[in-house]
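The lines below spell out each chain.
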Amino acid sequence: MSDQTILEEPPRKQRSVPKPVFTDAEAGAKEFPSSRSRHYNYFEPRKRRASVYEDVTVDVQPDPERHLTQGWVYSFADGSRGYPQEWTALKSTNWHLFLDPNEEWEQTIYRNNADIVRQLRQVVANAEAADAFSNWKRGWATVVAHHVGAWAHVEHGLGMHVYTPAQRDAPTNMINNALAVGAVHKLRFAQDIILYNLELSDHVDGFDGQAHKATWQEDPIWQSTRENVERLTGVRDWAQAFFATAVVFEPLVGELFRSGFVMQAAAPQGDYVTPTLMGAGEADAAREQRGARELFRMLSNDPEYGDANRAVMQDWLDEWTPRSTDAGHHLQPIWSQIPDKVVRFDESRARAHQRFADLVEDLGLELPKEMQA
Amino acid sequence: MSRASITKAHNKIQELSWEPTFVEPVDKYPTDYTFEKAPKKDPLKQVLRSYFPMEEEKDNRVFGAMDGAIRGNMFRQVQERWMEWQKLFLSIIPFPEISAARAMPLAINAVPNPEIHNGLAIQMIDEVRHSTIQMNLKRLYMNHYIDPAGFDISEKAFSNCYAGTIGRQFGEGFITGDAITAANVYLTIVAETAFTNVLFVAMPGEAAANGDYLLPTVFHSVQSDESRHISNGYSIILMALADERNRALLERDLRYAWWNNHAVVDAAIGTFIEYGTKDRRPDRDSYAEMWRRWIYDDYYRSYLVPLEKYGLTIPHDLVEEAWNRIWNKGYVHEVAQFFATGWFANYWRIDAMDDTDFEWFEHKYPGWYDKYGKWWERYADLSVKNGHGPIAFENADYEYPHRCWTCMVPCLIREDTVVDEVDGQVRTYCSETCHWTDAVAFRGEYEGRPTPAMGRLSGQREWETRYHGRDVGEIMQELGYVRDDGNTLVPQPHLDLDPKKMWTLDEVRGITLNSPNVLLNEMSPQEREAHIAHYKAGGPAGRPAPEPAGA
Ligand SMILES: [Fe+2]
Ligand SMILES: [Fe+2]
Ligand SMILES: [Zn+2]
């Protein structure tokens with residue numbers, strides 16, 4: 001070793017730049033053991049070749065039942081560690097079998113949500129330019145201000161306090177990522193509604209942009225729904241919270257209001273903007289429901305725990321169905337608040353119940369008594 | 001969106017939250033912190049409808065760069081030495097990222113401030129973005145770099161290698177234990193605010209110097225989300241500081257979080273930047289110089305110290321000691337040497353330092369050669385397959401180290417080693433602070449007050465203890481670090497891909513691995529004392545102390 005390097009050092013102000021060197025470190029440049037081993041080999045892909053979704057998702061959250069040999073290195077004060085399977089009453093012989101049917105990862109998340117955002121802004125901008133809000137029939141703006149506005153709270157509450165904690169709690173990365181995506185769908189939809197409310201305040205005479213708060217907090221129409229949502233945010237078992245939200249609440253209350261009321265009632269009132277907004281939220285809810293169907297069907301059909309899981313889910317169903325049918329029932333007066341009744345509450349409810357019944361049957365569960373009549 | 005309309009939109013979305021009246025809020029994740037009288041502090045204004053298109057645009061640039069790198073044959077100019085360390089780094093980092101996403105409800109649950117909740121929820125999806133974008137980058141490396149072995153077993157290797165376990169605490173630490181300790185102090189106040197600079201800014205610079213311009217594209221894109229996360233964390237710590245009862249906990253957590261981040265991140269990133277590079281321009285900054293700028297000046301002096309005026313007790317002593325370890329005690333050199341000693345149990349290849357490297361090290365760290373030069377020459381000799389075992393099992397004037405129970409990096413600065421019997425086991429610690437972390441901080445009581453929410457250190461923390469008494473060939477098979485011919489090892493002590501020169505199971509069979517901790521626990525108290533005295537007298541560069549005269 002010598003001090004030569006110091007003498008050779010160029011003056012500080014002319015900083016050097018690294019020079020490219022030809023290394024030929026490209027795939028295929030040589031043959032040697034594993035030189036062709038070009039796929040992640042620590043999991044079984046669902047099909048012959050792993051999808052990008054699987055590659056970027058599977059096993060990122062380790063599991064002592066798979067490759068984690070030294071165990072979780074931190075625990076909670078009560079001794080539970082990592083992603084405890086005990087955080088739900090459901091059991092699985094292999095939690096890792098669940099793959100998100102929507103295959104959400106970075107690229108799909110931003111593409112889909114950005115598309116929706118752009119589409120909504122376009123529709124609202126066009127409506128403003130065409131002065132379309134002035135074509136709304138009398139009374140419709142009030143319905144939008146009160147009830148569509150109140151719905152924003154539902155989406156926000158479920159996104160922030162059901163889906164967001166659930167994505168900490170499930171035992172695999174595939175389940176948790178799907179729940180995280182569900183969370184931002186809900187949160188984005190809530191913001192879409194409330195910011196739409198803001199635009200209407202600016203463009204529609206007499207539109208009460210603050211009415212949604214009192215409607216949500218005090219209007220008897222909404223108190224059962226609010227109670228249902230608040231109870232969902234208080235469930236500690238992540239799978240129960242997800243089940244009671246996606247399997248029970250969404251068809252019986254969510255679809256009932258979004259599709260069964262807003263999307264059908266709006267057009268005859270001269271409103272083509274609100275259905276676009278609701279439709280985007282409904283489509284996202286359908287994605288979450290696909291995930292829920294996949295997950296709970298897997299648990300229902302589990303070779304070892306299927307019977308026990310069905311019993312647990314049946315209890316959940318029996319507990320949560322009355323709450324959500326009650327919430328849906330209390331929404332009925334909204335259907336009468338529009339001038340011409342193009343859509344009847346009973347029809348909307350029958351459709352929602354039918355979809356609920358299909359889902360319940362698909363999961364191998366029985367329709368609660370009050371719904372069999 | 002204009003700033004005015006973002007502000008207007010931001011204010012409007014605050015109308016979405018409400019106080020529940022039908023149920024009491026459930027404490028999903030425990031914390032000993034209290035936020036009852038905290039004044040609300042606003043984080044950066046964030047609205048999803050401007051967020052998604054903005055991020056999509058950033059993504060498009062990343063995907064464009066990926067296409068460009070493949071079409072431009074980037075891998076013809078990439079240094080293998082650098083890429084090999086990426087097998088380790090990119091196996092670890094997607095887990096901390098996804099853990100940051102998982103940590104968000106811990107903070108949301110603890111902090112009664114809806115404005116911060118919105119910011120934290122956006123951070124959640126940012127972190128899903130980071131995790132999956134990094135996995136995708138690694139996938140591209142696996143497909144286009146000359147040696148895919150090690151990338152192909154990535155997440156499994158992360159889960160079963162001692163090095164992955166060291167990295168894992170930088171991730172598990174975000175999601176377990178006291179919610180604020182984990183999701184605010186450890187994750188945001190220290191990991192994101194201080195150490196993402198070396199992770200996502202300093203390291204990409206080094207990647208580019210080694211011919212890899214994709215890593216900088218991806219990681220700068222990741223880093224551009226970080227200011228929002230830092231803002232979330234800052235709002236929370238200011239709220240916490242408003243309550244006198246939180247002060248002692250904050251002081252405890254800052255000491256723990258600072259020291260653990262230093263121990264883990266400086267070990268890993270320091271090694272990648274100093275030993276994983278072929279860029280030996282004399283004016284290229286050393287890791288120590290980068291640390292001085294990014295951590296000492298930008299973080300410690302510009303961010304942490306100003307928090308003192310809110311009553312936060314800053315661990316000045318530990319910041320200075322971290323610097324002391326890096327600059328005077330050779331922390332990064334000792335760690336790199338240990339990784340190379342352990343090459344036989346890795347899933348990437350490590351080549352010897354050569355004369356060009358020696359010169360650079362001597363220039364940047366005067367006195368380096370006298371400490372480490374001979375050992376690296378020995379490493380080079382023993383890297384050639386020639387009837388001997390890996391350097392860890394040959395005479396190389398190196399005493400295989402004890403492991404730090406807390407940070408799991410070995411006790412490499414021998415004189416700082418602390419030994420104590422904790423929870424019925426004789427444990428070794430790399431430093432007083434790591435000892436304090438286990439024995440004092442992660443307990444159900446702190447300075448006389450109950451801390452029922454505080455987590456514990458758990459798990460089978462010593463890799464060697466798990467495999468104590470086992471045959472190295474068997475261990476490697478069990479870990480899966482064997483190439484597709486069923487015999488050649490994934491790790492190599494050199495970069496030569498000539499199959500005849502590559503090490504195989506044959507060279508490691510018949511070697512028994514021992515756990516220094518098991519042996520330590522088997523000793524009598526007197527033997528132990530003598531052993532530890534001797535151990536602490538050793539170093540630098542792991543050199544055993546001379547035997548006392550007459551022994
Ligand atoms: Fe991140
Ligand atoms: Fe972050
Ligand atoms: Zn330590």
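In this text the structure is predicted, and so the values were computed from the model without any measurement. What you see as residue numbers is a count from 1 along each chain, following the sequence as written. Here chains are named by letter from A upward and ligands by number from 1 upward, in the order in which they appear as written. Selection of residues for local features in this predicted model requires a pLDDT of at least 70, selection of side-chain atom pairs for listing and counting requires 80 or more, and totals for whole chains, interfaces and linings are taken over all residues. In computing side-chain properties, one takes all heavy atoms of the structure into account and sets aside hydrogens as well as water.

Considering the interface of chain B and chain A
Residues count as neighbours in contact if any of their non-hydrogen atoms are within 4.5 Å of one another. Each partner contributes to the interface: chain B provides 121 residues, whereas chain A provides 110 residues. Together chain B and chain A conceal approximately 10,500 Å² of surface at their shared face, both sides included; 59% is due to carbon and sulfur atoms. Note on definitions: buried area is the accessible-area loss of two parts on being combined, 1.4 Å probe, summed for both. The largest contributions to the chain B side of the interface with chain A come from B:W18, B:R49 and B:R102, which together make up 8% of the buried area. The working definition used for a salt bridge is a side-chain nitrogen of Lys or Arg within 4 Å of a carboxyl oxygen of Asp or Glu. Here chain B is connected to chain A by 5 salt bridges. The shortest N-O distance in the salt bridge between A:D55 and B:R139 comes to 2.6 Å. Polar contacts, as counted here, are pairs of nitrogen or oxygen atoms within 3.5 Å of one another; within protein the pair requires one atom able to donate a hydrogen and one able to accept it, and residues that are adjacent in sequence qualify only if both atoms are side-chain atoms. Taken together, chain B and chain A are joined by 60 residue pairs in polar contact (both at pLDDT 80 or more). Note on residue classes: Ala, Val, Leu, Ile, Met, Phe, Trp, Tyr, Cys and Pro are nonpolar, Asp, Glu, Lys and Arg are charged, and everything else, Gly too, is polar. Across the side of chain B that touches chain A, the residue classes break down as 59 nonpolar, 27 polar and 35 charged. In short, DSSP must find at least two bridges between two strands for them to pair. The secondary structure listing takes helices from DSSP runs of H or I that are at least 4 residues long and strands from runs of E that are at least 2 residues long, numbered from the N terminus. Two strands pair when backbone bridges link them, and strand β1 (residues 74–75) of chain A and strand β5 (residues 456–457) of chain B are joined in this way by 2 bridges, in the antiparallel orientation. Of the residues in β5(B), the one forming a bridge with A:Y74 is B:L457.

Observations concerning unusual backbone geometry
Comment: phi is negative for the bulk of residues other than glycine, and the bulk of peptide bonds are trans. That bond from B:G539 to B:P540 is cis: its omega, 0 degrees, falls within 30 degrees of zero. Of note, the phi angle at A:E103 is positive, near 45 degrees, even though the residue is not glycine. Locating A:E103 in the fold gives a position in the loop between β1 and α3 (106–129). Each residue is placed in one exposure class: buried if its accessible area under a 1.4 Å probe, protein chains only, is under 20% of its type's maximum, exposed if it is over 50%, and partly exposed if it falls in between. Judged by relative accessible area, which is 35%, A:E103 ranks as partly exposed. For A:D131, which is not a glycine, the phi torsion comes out positive at approximately 55 degrees. Within the secondary structure, A:D131 sits in the loop between α3 and α4 (140–169).

Observations regarding the pattern of salt bridges
Taken as a whole and judged by the stated rule, the model has 70 salt bridges over all chains. Note that A:R36 is salt-bridged to A:E31, the shortest N-O span being 2.5 Å. Like A:E31, A:R36 is exposed. Bridged by salt links that share partners, the residues B:E55, B:K58, B:D59, B:D126, B:R129, B:D225 and B:R228 form one connected network.

Looking at the confidence of the model for chain B
A score from 0 to 100, pLDDT tells how confident the predictor is in each residue. Taken as a whole, chain B shows an average pLDDT of 96; of its residues, 99% reach a score of 70 or greater. In the predicted complex, the global pTM is 0.96; the interface-specific ipTM is 0.96.

Describing the packing of α3(A) against helix α5 (residues 173–203) of chain A
Residue and element names in this part refer to chain A. Lines fitted to the C-alpha atoms define the axes, with helices restricted to the stretch that makes contact. Angles between their N-to-C directions range from 0 to 180 degrees. At a minimum axis distance of 12 Å, the contact between α3 and α5 shows a crossing angle of 15 degrees. For the element pair α3 / α5, the angle class is roughly parallel. Crossing hand, α3 versus α5: right-handed. Contacts between α3 and α5 involve I109, N113, I116, V117, L120, V124 and E128 on the former and, on the latter, V181, H185, R188, D192, Y196, E199 and H203. Per-class residue counts for the contact of α3 with α5 are 7 nonpolar, 3 polar and 4 charged. Orientation categories follow fixed angle ranges, with anything under 35 degrees roughly parallel, anything over 145 roughly antiparallel, 65 to 115 roughly perpendicular, and all other angles oblique. Each crossing gets its handedness from the near helix: less than a right angle anticlockwise from the far helix is left-handed, clockwise is right-handed.

Quick notes on the coordination of the zinc ion (ligand 3)
Residues and elements named next belong to chain B. Counted as coordinating are nitrogen, oxygen and sulfur atoms within 2.8 Å of the metal, or 3.2 Å for Na, K and Ca, while water is not included, which may make sites look incomplete. Within the protein, the zinc ion (ligand 3) binds to C404 (SG), C407 (SG), C430 (SG) and C434 (SG); these donor distances fall in the range 2.3 Å. Around the zinc ion (ligand 3), the 4 donor atoms sit at angles spanning 105 to 116 degrees, and that spread fits a shape best called tetrahedral. Binding-site remark: the zinc ion (ligand 3) is held by donors from one chain whose sequence spacing is C-x2-C-x22-C-x3-C. Linking C407 in the loop between α16 (368–383) and β1 (418–422) with C430 in the loop between β2 (425–429) and α17 (432–441), this pair joins segments that are 23 residues apart in sequence. You'll find C407 and C430 in the same group, each marked buried. Here a site with four donors is tetrahedral if all angles are between 85 and 135 degrees, and a site with four or six donors is square planar or octahedral if opposite donors are over 155 degrees apart and the other angles are between 65 and 115; anything else gets the irregular label.

A word on the pairing of β2(B)
All names here are of chain B. Counting buried positions along β2 gives 5 out of 5 residues, so the element sits mostly inside the fold. Both faces of β2 are covered, namely the face carrying Q425, R427 and Y429 and the face carrying V426 and T428. Bridge count for β1 against β2 is 5 bridges, and the pairing is antiparallel. By the bridge assignment, V422 is partnered in β2 with Q425. From the end of β1 to the start of β2, which pair antiparallel, there are 2 residues, and D423 there has a positive phi angle of about 50 degrees.

Topic: the packing of aromatic side chains
Residue and element names in this part refer to chain B. Between 30 and 60 degrees the pair is tilted, below 30 it is stacked and above 60 it is edge-to-face, where a pair is any two Phe, Tyr or Trp rings, Trp via its six-membered ring, whose centres lie within 6.5 Å. In this structure the tally under the stated criterion is 70 aromatic pairs over all chains. Seen from their ring centres, Y186 and Y256 are 5.3 Å apart, and the 25 degrees between their planes marks the pair as stacked. Here Y186, found in helix α8 (residues 179–209), pairs with Y256, found in helix α11 (residues 247–275); they are 70 residues apart in sequence, far enough to count as distant. Look at Y186 and you get buried, because its relative accessible area is 0%. Between Y275 and W376 the ring centres are 5.7 Å apart and the planes differ by 20 degrees, which places this aromatic pair in the stacked class.

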